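# Examining the three-dimensional arrangement
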Amino acid sequence: MAQVKEYIGKIKPDWCPGCGDFGVLNSLQRALAELDIAPHNVLVVSGIGCSSNLPGFIHSYGFHGLHGRSLPVASGAKLGNHALTVIATGGDGDGYGIGVGHFVHTCRRNIDMTYIVMDNQIYGLTTGQASPTTEKDVRTKSTPEGTIELALNPVALALSCGATYVARGFSGDNLHLAQLMKGAIEHKGFALVDVFSPCVTYNKRNTYPWFRERVYKLEDDQQYDPADFRLAMEKAFEWGARIPIGLFYKVERPTYEDEEPALRSGIPLAKQPLERADLAALMEDFI
Amino acid sequence: MAQTHTELTVWIGGSAGDGIASAGESFAKACSRSGYHVFAYNSYQSVIRGGHVCMHTRIGTHKVYTQGDELDYLVALNADSFQRYGKRVVPGGAVFYNTDKFKAAPDQVGPDVQLIGLPVMALAGNQLMQNTALLGALIQTLGLDPDAIRELIRERFAKKGEAVIKPNLEAFDKGMGFAREHAKPGAIRVGPGDGKRRPLAGGNPMIGFGALAAGCRFYSAYPMTPASSLLHWLVGYAAKTGLMVKQCEDEISALNMAIGAAHVGVRAMTGTSGGGFALMTEAVGEAGMTETPVVIVEAMRGGPSTGLPTKTEQGDLFQLLGASQGEFPRVILAPRTLQECYDMTIHGFNLAERYQCPVLIATDLYLAERLETFDGVNITKVPIDRGALLKQPENGYRRFADTPTGVSPRALPGTPGAVSTTATDEHDEDGIVISDVFTNPPMRKKMMEKRMRKMDHLLKELPAPAIDGPADADLTLVGWGSTYQVMLEAMERLKQEGLSANVLCLRYLWPFQTEQVSRLLKGCKMTMSVEANYTGQLVRLIRMETGLSVQHHLRKYDGEPFELKQVVDQARTILKTKPKEPVVASVVSDEGLPADFSPIESPALGAEVSRQH
Ligand SMILES: Cc1ncc(C[n+]2csc(CCOP(=O)(O)OP(=O)(O)O)c2C)c(N)n1
Ligand code: SF4
């Protein structure tokens, strides 16, 4: 096993003291260390938001892209070099708001990568507007009289779109979160880890104590079976006094890379020699 | 007696379901294989009486630069095409049609035009054989080699076997036989071809071909006419060449995926039209800021908005120039010919990697979807230059090191000892973001200068623009991209009339070659721009960059390409009248629709073509 410190970046996170994203970063570093994946073989791709600054704080390759576009960049990178461990990270605004179209399609594509969403139910970086996961009737900077729209349900959405590993963690429980991330990275296919990651500055409702009172682990329920899709869907809608975290669903399905003809040789695209096309034969076809 | 010309034109017109593209392509290919030069342009439009389609084909014993504007032979697959174009067939020409479909009378065509009506059912026993039988009659009347078509029939139906090949060959021979017995040999003929089997392609396949030659391994796209045929062509070669083709959920994803693939070291490309490019906009700047080499093809169509999905225009130059916020290095290439589609795509990939920036290739429907013969391209020594790619970085590697050229050696993710983050936020030489906690003005200045400096060096290695034709001509036609060949042919025509013109057609549009273009323009006596848009975008760019104004202007924004005579006529007028004040003229194509045409009174009949959006 590698040391966690090998994954610590040169730059100290600039998140507000107490921000949930610290726990997410620590858990990810721990998961990578436990899996012993060399930092140069990891590419962390993000969008824009407080949470999307994560690649700057972890010692691995990183791509800090546009708001909402982490998944297509990560997908292109994974398809381009599937020997890399590709992890996309970002916030709920980034992934479930502006980038939700990509989220839906990435779930059904089943590219072998991990998506970690630091879900604080608010727009942090832009100072506290409502996000797609802000609960109904909650007052935010942009909804002074309460939100009118229903909150989006990331777990149910991922399940219905075909994600093959769907989990939810809480950044108040890093050991548990690190295990979920480990499972996600090890899983062959698209894995979502939605994380309750409190924004201590702008979300005064969904705080650490608020979550501590409510969350319980699916693993603690002997009856729960993460291979059961219907059960997973049912649990995805449990919200209120009790909120489940843990592994909702896991299924093995061939990955996009498994079925993509250009990758049949197993050699990553980026490692294939450039000159491969038989140009004379192509030219013949024009005649 | 047939008068032997050096060229002739054939139009095949009908509605969308009539199989015009395949009949037209067969004819074009048969001619290119028989040693003729060919230029074909398929004009297809939306929701007009069954979606009217017309393939304009011109063949010659010399290079033919455009689809031509005279109509020698018309193959009318429906009555509509006959009504539109019958009267335009020139004396000595002929109209071929199926008498089971409609009747035609001699007063519906001009003098000395043959009506060659085939009773297809009686002849071939099956209306499905209509196009093949008409092709037979056409080939017989034109006196062309029937074996080329027979060969194509065998190839086209090879998978379906003899049961399909045989009746098609029979229908073709019956069509020939009918014309032999019932029609006079066509009076307009071309001499024998030169025996060379020339390749025949369009701009999109040539860009695809160039991309494969350049080692492109990833193409991501969302379908949009007229870029879709690039997607289709590339998909057809994916299995053979190991190219990965990814259809995405939208164009935002298409460019971002290409950026992801390029970031890890794959030569990656995406393609779209103006609307899709508008969606890609933010990611163009992402490629600029992250210094990711990526190639983006923009095949323009009539705008704005959804515009004219199946029509041509050069209306997106300013979109390409202005796409994305802020300032960053970008390259805009505008190939003018099929060969340039190939060569400049290869060059584009090299420029993208050498200067680590987005390269935009601008074409339009007219170039992308035409079918034209060409005399081969360089496939043996394809220049590939991946720029500063590091396998083993030294200690203290900095991804965005400030260098004299501004180009920072690139280590790909997966390389030990070079771990770094690439950010769309402003960053320092190590890639560390400087925008959040400590905004550092001198660092920002340094990094801006580092990136922008690349453009100075890139500019120096672009091939110089040049004038085609006599240097001291009385009038210079100025344009860019796809209007090149019509300008060249106009120059030739004017020469035959004793008038002297030359052509300045730009293909490297950005970074702008200010010095060279200024020098060339200052040497011109009179200038006239030829652009397929309303506002004269190239003219504005030239003025912006050189302070020089092109004097006169010919514009077209009806969706159809310039016709030769339109350019010749306006150039002649300018040459003869030498106007002191700028003249801005616009021209329009005659598609044979009555001026009071009403889509309400003439509803569309299953217009598949309109589904090309
Ligand atoms: C195209 C675009 N629109 C808007 C923004 C401004 N913006 C930056 S981050 C952000 C939302 C951040 O919320 P979230 O993704 O949930 O991340 P958090 O800051 O809460 O971690 C917005 C709207 C942007 N950068 N780009
Ligand atoms: S604003 Fe909220 S999400 Fe952003 S760093 Fe501070 S606590 Fe974290």
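Quick caveat, the model's predicted, so the values are computed rather than measured. (Residues numbered from 1 in each chain as written. Chains lettered and ligands numbered in written order. Predicted model: local features only at pLDDT ≥ 70, side-chain atom pairs only at ≥ 80, totals over all residues. Heavy atoms only, no water.)

## Comments concerning the site of ligand 1
- In the neighbourhood of ligand 1, 17 residues make up the surrounding shell, with A:Cys50, A:Ser51, A:Gly93, A:Asp94 and A:Gly124 lying closest.
- Looking at what sits near ligand 1, you find residues from chains A and B.
- Here an oxygen atom of ligand 1 and a backbone polar atom of A:Gly93 are 2.8 Å apart.
- Between ligand 1 and the protein, one listed contact pairs an oxygen atom with a backbone N or O atom of A:Gly124 at 2.8 Å.
- Protein chains shield 77% of the accessible area of ligand 1, which is 580 Å² for the free molecule.
- Among the elements that line the shell around ligand 1, the one with the most residues is helix α3 (residues 92-98) of chain A, at four residues.
- Across the shell around ligand 1, the residue classes tally to six nonpolar, eight polar and three charged. (Near = heavy atom within 4 Å. Polar contact = N/O pair within 3.5 Å; in protein donor to acceptor, adjacent residues only side chain to side chain. Areas by Shrake-Rupley, 256 points an atom, 1.4 Å probe, with all protein chains shown as cover. Helix = DSSP H or I, 4+ residues; strand = E, 2+ residues; numbered from the N terminus. Nonpolar A, V, L, I, M, F, W, Y, C, P; charged D, E, K, R; others polar.)

## Focus on the pattern of salt bridges
- According to the stated counting rule, one finds 48 salt bridges over all chains in the structure shown.
- Note that A:Glu238 is salt-bridged to A:Lys235, the shortest N-O span being 3.4 Å.
- Classification of A:Glu238 as partly exposed rests on a relative accessible area of 22%.
- With its nearest N and O atoms 2.5 Å apart, the salt bridge here joins B:Lys311 to B:Glu560. Linking B:Lys311 in the loop between β13 (294-300) and α11 (317-322) with B:Glu560 in the loop between β25 (552-555) and α18 (564-577), this pair joins segments that are 249 residues apart in sequence. (Salt bridge = Lys/Arg side-chain N within 4 Å of Asp/Glu carboxyl O. Buried < 20%, exposed > 50% of the residue type's maximum accessible area, 1.4 Å probe, protein only.)

## Re the layout of surface pockets
- Empty space within the largest pocket amounts to approximately 1,300 Å³.
- Around the largest pocket sit 40 residues that line it, and B:Ala21, B:Glu25, B:Pro205, B:Ser229 and B:Leu371 are the ones nearest its centre.
- For the lining of the largest pocket, the secondary-structure elements that each account for two or more residues are α10 (279-285) of chain A together with α1 (20-33), β3 (37-44), β4 (52-60), α5 (146-156), β9 (200-201) and α8 (228-241) of chain B.
- When residues of the lining of the largest pocket are assigned to their parent elements, the largest contribution, seven residues, is made by α8(B).
- Considered class by class, the residues forming the lining of the largest pocket number 21 nonpolar, eight polar and eleven charged.
- Residue assignment places the lining of the largest pocket across two domains, with domain 1 (3-190) and domain 2 (201-373) of chain B each supplying three or more.
- In terms of lining, the second largest pocket is formed by 32 residues, of which the most central are A:Lys10, A:Ile11, A:Gly56, B:Gly431 and B:Ile432.
- Taken together, the residues of the lining of the second largest pocket break down into 14 nonpolar, eleven polar and seven charged. (1 Å grid on protein atoms, 1.4 Å probe; cavity = no way out; pocket = protein on both sides within 12 Å on 5 of 7 lines; lining within 4 Å. Points joined across faces, edges and corners; volume = space filled by probe spheres on them. Domains from an automatic or database assignment.)

## Brief notes about the sheet that holds strand β10 (residues 218-221) of chain B
Residues and elements named next belong to chain B.
- Taken together, the seven strands give an open sheet; going across it, the order is β11-β10-β12-β13-β15-β14-β23, and neighbouring strands pair in mixed fashion. What marks the edges here is a single partner per strand, and that holds for β11 (244-247) and β23 (508-510). Taken pair by pair, the neighbouring strands of this sheet meet at an average axis angle of 20°, ignoring direction. (Pairing = 2+ DSSP bridges. Axes fitted to C-alpha atoms, helices over the stretch in contact; angles between N-to-C directions.)

## Some details on helix α6 (residues 174-186) of chain A
- In this model, α6(A) (13 residues) spans 18 Å end to end at C-alpha, consistent with the 18 Å of a helix rising 1.5 Å per residue.
- All of the buried residues along α6(A) are A:His176, A:Leu177, A:Ala178, A:Leu180, A:Met181, A:Lys182, A:Gly183, A:Ala184 and A:Ile185. (Expected span 1.5 Å × (residues − 1).)

## Here we look at the nonpolar core
- Core analysis: the largest hydrophobic core is formed by 90 residues, its most contacted members being A:Phe103, B:Phe218 and B:Leu538.
- By residue number, the principal contributor to this core is helix α9 (residues 251-263) of chain B, which donates seven residues.
- Judged by nonpolar contacts, the second largest core, of 55 residues, contains B:Phe39, B:Ile59, B:Phe96 and B:Ile153. (Core = buried A, V, L, I, M, F, W, Y, C linked by side-chain atoms within 4.5 Å.)

## Some remarks on the side chain of B:Ser589
Residues and elements named next belong to chain B.
- Residue position: Ser 589 is located in the segment after β26 (584-586).
- Only 2.9 Å separates the side chain of Ser 589 from the side chain of Glu 563, close enough to count as a polar contact.
- Those residues in contact with Ser 589, other than ones at most four positions away along the chain, are Lys 556, Asp 558, Glu 560, Pro 561, Glu 563 and Gln 566. (Contact = heavy atoms within 4.5 Å.)

## Here's the deal with the sheet that holds strand β21 (residues 475-480) of chain B
Residue and element names in this part refer to chain B.
- Across the sheet, which stays open at both edges, the six strands sit in the order β20-β22-β21-β24-β25-β26 with mixed pairing between neighbours. In this open sheet, the two strands that pair with only one neighbour each are β20 (467-468) and β26.
- Sheet strands touched by helix α16 (residues 514-522): β20, β21, β22 (501-506) and β24 (527-531). Its angle to β22, the strand with the most contacts, is close to 165°.

## Here we look at the domain arrangement of chain B
- Here chain B is partitioned into domain 1 (3-190), domain 2 (201-373), domain 3 (389-461) and domain 4 (467-582).
- Here the C-alpha centroids of domain 3 of chain B and domain 4 of chain B sit 41 Å apart.

## So, empty space enclosed by the protein
- Following the criterion strictly, the structure yields eight cavities of 30 Å³ or more and no others.
- Of the volumes computed, that of the largest cavity is approximately 110 Å³.
- B:His56, B:Gln67, B:Glu563, B:Ser589 and B:Glu591 are the residues nearest the centre of the largest cavity, which is lined by 13 residues in total.
- Of the residues contributing to the lining of the largest cavity, the split by class is three nonpolar, four polar and six charged.
- Both domains that meet at the lining of the largest cavity, namely domain 1 (3-190) and domain 4 (467-582) of chain B, each give it at least three residues.
- The calculated volume of the second largest cavity comes to roughly 80 Å³.
- Surrounding the second largest cavity, 14 residues form its lining, B:His263, B:Arg399, B:Ala411, B:Pro413 and B:Thr422 being those nearest its centre.
- Among the secondary structure elements, those contributing two or more residues to the lining of the second largest cavity are β2 (61-64) of chain A together with β18 (410-411) of chain B.

## Description of unusual backbone geometry
All names here are of chain B.
- A cis amide bond links Gly 303 to the next residue, Pro 304, at an omega of -5°.
- Tracing the chain through its elements places Pro 304 in the loop between β13 and α11.
- Going from Trp 510 to Pro 511, the amide bond is cis rather than trans, its omega being 0°.
- Examined against the element boundaries, Pro 511 turns out to sit in the loop between β23 and α16.

## Brief notes about the pairing of strand β1 (residues 42-46) of chain A
All names here are of chain A.
- When you tally the buried positions in β1, you get five out of five residues, the bulk of the element.
- The side-chain alternation of β1 yields two buried faces, one formed by Val 42, Val 44 and Ser 46 and the other by Leu 43 and Val 45.
- The pairing of β1 with β2 spans four bridges and is parallel. Paired with Ser 46 across the strands is His 64, a residue of β2.

## A closer look at the interface of chain A and chain B
- Taken together, the contact pairs 51 residues of chain A with 72 residues of chain B.
- Here chain A packs against chain B, burying approximately 4,900 Å² in sum over the two surfaces, 66% of which is carbon and sulfur.
- When residues of chain A are sorted by the area they lose upon contact with chain B, A:Tyr61, A:Leu274 and A:Phe286 head the list and together hold 17% of the total.
- Along the contact surface separating chain A from chain B lie two salt bridges.
- Put simply, B:Glu249 and A:Arg109 hold a salt bridge, and the shortest N to O gap is 2.6 Å.
- In this structure, the connection of chain A to chain B is made through 19 residue pairs in polar contact (both at pLDDT 80 or more).
- Among the elements that make up the side of chain A that touches chain B, the one with the highest residue count is helix α2 (residues 70-80) of chain A (seven residues). (Buried area = accessible area lost by both parts, 1.4 Å probe.)

## Details of the pairing of strand β12 (residues 268-272) of chain B
Residues and elements named next belong to chain B.
- Judged by how many residues are buried, β12 sits mostly within the fold: five of five residues are covered.
- Where β10 lies against β12, four bridges are found, and the strand directions are parallel. Bridge assignment links Tyr 219 to a residue of β12, and that residue is Met 269.
- Sheet topology places β12 next to β13; four bridges connect them, and they run parallel. Counted as the bridge partner of Met 269 is Val 295 from β13.
- In this fold, β12 hands off to helix α10 (residues 274-290), which returns the chain to β13; that crossover is right-handed. (Right-handed = clockwise from strand over helix to strand, strands pointing away.)

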